[in-house]
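# Residue-level structural notes
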Amino acid sequence: VTDDDRRARLDLTERVGRALAELGLDRHVAQARRYYAALRAGREPAKDGWTHEMIVEWARLLRLPGHDVYPVHPRMHRCCERPKTFTSATFPGGSRHHCEACGATWLELD
Ligand SMILES: [Zn+2]
């Protein structure tokens with residue numbers, strides 16, 4: 001990880017942490033803080049803790065600017081002819097869904 005990457009990761013972690021705090025997800029905020037502290041100190045993140053990938057995924061779920069990569073569909077969205085869908089994540093305000101038949105991933109908001 002270069003210095004620039006690290007700065008970008010710290011910045012994203014801060015934004016994700018703030019968004020999680022606004023949702024009242026205190027345990028998640030604690031995880032984000034722990035990851036942030038390790039990254040900032042140049043340590044490896046805790047083995048049982050959050051990773052950069054998890055921070056990025058939360059940025060996507062919460063659709064932070066630059067990370068709104070998942071399409072948003074109304075509830076009970078039908079993605080293909082024979083959908084095999086499951087809910088792959090839930091969070092305050094919405095959920096992420098995946099279809100094993102067509103490979104689509106999307107968000108449904110409450
Ligand atoms: Zn599908």
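My aim in this report is to walk through the structure given alongside it, one point at a time. (Residues numbered from 1 in each chain as written. Predicted model: local features only at pLDDT ≥ 70, side-chain atom pairs only at ≥ 80, totals over all residues. Heavy atoms only, no water.)

## Concerning the pattern of salt bridges
- Taken as a whole and assessed by the stated rule, the structure comprises 8 salt bridges.
- Here Asp48 ties to Arg34 by a salt bridge, and the two come within 3.0 Å at their closest N and O atoms. Here Arg34 lies in helix α2 (residues 26-41) and Asp48 lies in the loop between α2 and α3 (52-61), a separation of 14 residues in the sequence.
- The class of Asp48 is exposed, set by a relative accessible area of 59%.
- Residue Arg34 is classed as partly exposed on the basis of its relative accessible area of 40%.
- Taken together, the salt bridges that share partners define one network made up of Glu57, Arg60 and Arg96. (Salt bridge = Lys/Arg side-chain N within 4 Å of Asp/Glu carboxyl O. Helix = DSSP H or I, 4+ residues; strand = E, 2+ residues; numbered from the N terminus. Buried < 20%, exposed > 50% of the residue type's maximum accessible area, 1.4 Å probe, protein only.)

## What about the coordination of the zinc ion?
- Coordination of the zinc ion by the protein involves Cys79 (SG), Cys80 (SG), Cys99 (SG) and Cys102 (SG), with metal-donor separations of 2.2 to 2.3 Å.
- For the zinc ion, the 4 donor atoms in the first shell make angles of 99 to 115° at the metal, so the coordination geometry reads as tetrahedral.
- Each donor residue of the zinc ion belongs to the same chain, with the gaps between them written as C-C-x18-C-x2-C. Taken together, the residues Cys80 in the loop between β1 (72-73) and β2 (85-91) and Cys102 in the loop between β3 (94-99) and β4 (105-109) connect sequence positions 22 residues apart.
- Looking at Cys80, the relative accessible area reads 22%, which means it is partly exposed.
- Overall, Cys102 belongs to the partly exposed group, its relative accessible area being 39%. (Donors = N, O, S within 2.8 Å, 3.2 Å for Na, K, Ca; no water. Tetrahedral: all angles 85-135°; square planar, octahedral: opposite > 155°, others 65-115°.)

## Re the nonpolar core
- Formed by 22 residues in total, the largest nonpolar core has its most connected members in Val16, Leu20, Trp50, Ile55, Trp58, Leu61 and Leu62.
- In this structure, Leu61 is in contact with Tyr70, Ala89, Phe91, Arg96 and Leu107, ignoring residues within four places of it in sequence. (Core = buried A, V, L, I, M, F, W, Y, C linked by side-chain atoms within 4.5 Å. Contact = heavy atoms within 4.5 Å.)

## Some remarks on the sheet that holds β1
- Read from one edge to the other, the open sheet built from 4 strands follows the order β1-β4-β3-β2, with strand pairing classed as mixed. Sheet topology places β1 and β2 at the edges, where each strand pairs with a single neighbour.
- In this sheet, β4 lies alongside β3 in antiparallel orientation, the contact comprising 5 bridges. Among the inter-strand pairings, Arg96 is bridged to a residue of β4, identified as Leu107.
- In the packing of α3 onto the sheet, the strands contacted are β2, β3 and β4, and the crossing angle to β2 comes to about 95°. (Pairing = 2+ DSSP bridges. Axes fitted to C-alpha atoms, helices over the stretch in contact; angles between N-to-C directions.)

## Some words on α3
- Taken across its 10 residues, α3 has 7 buried, putting it largely inside the fold.
- All of the buried residues in α3 are His52, Ile55, Val56, Glu57, Trp58, Ala59 and Leu61.
- Buried residues belonging to α3 abut α1 (3-22), α2, β2, β3 and β4.
- At the exit of α3 stands Arg63, carrying a positive phi of roughly 50°.

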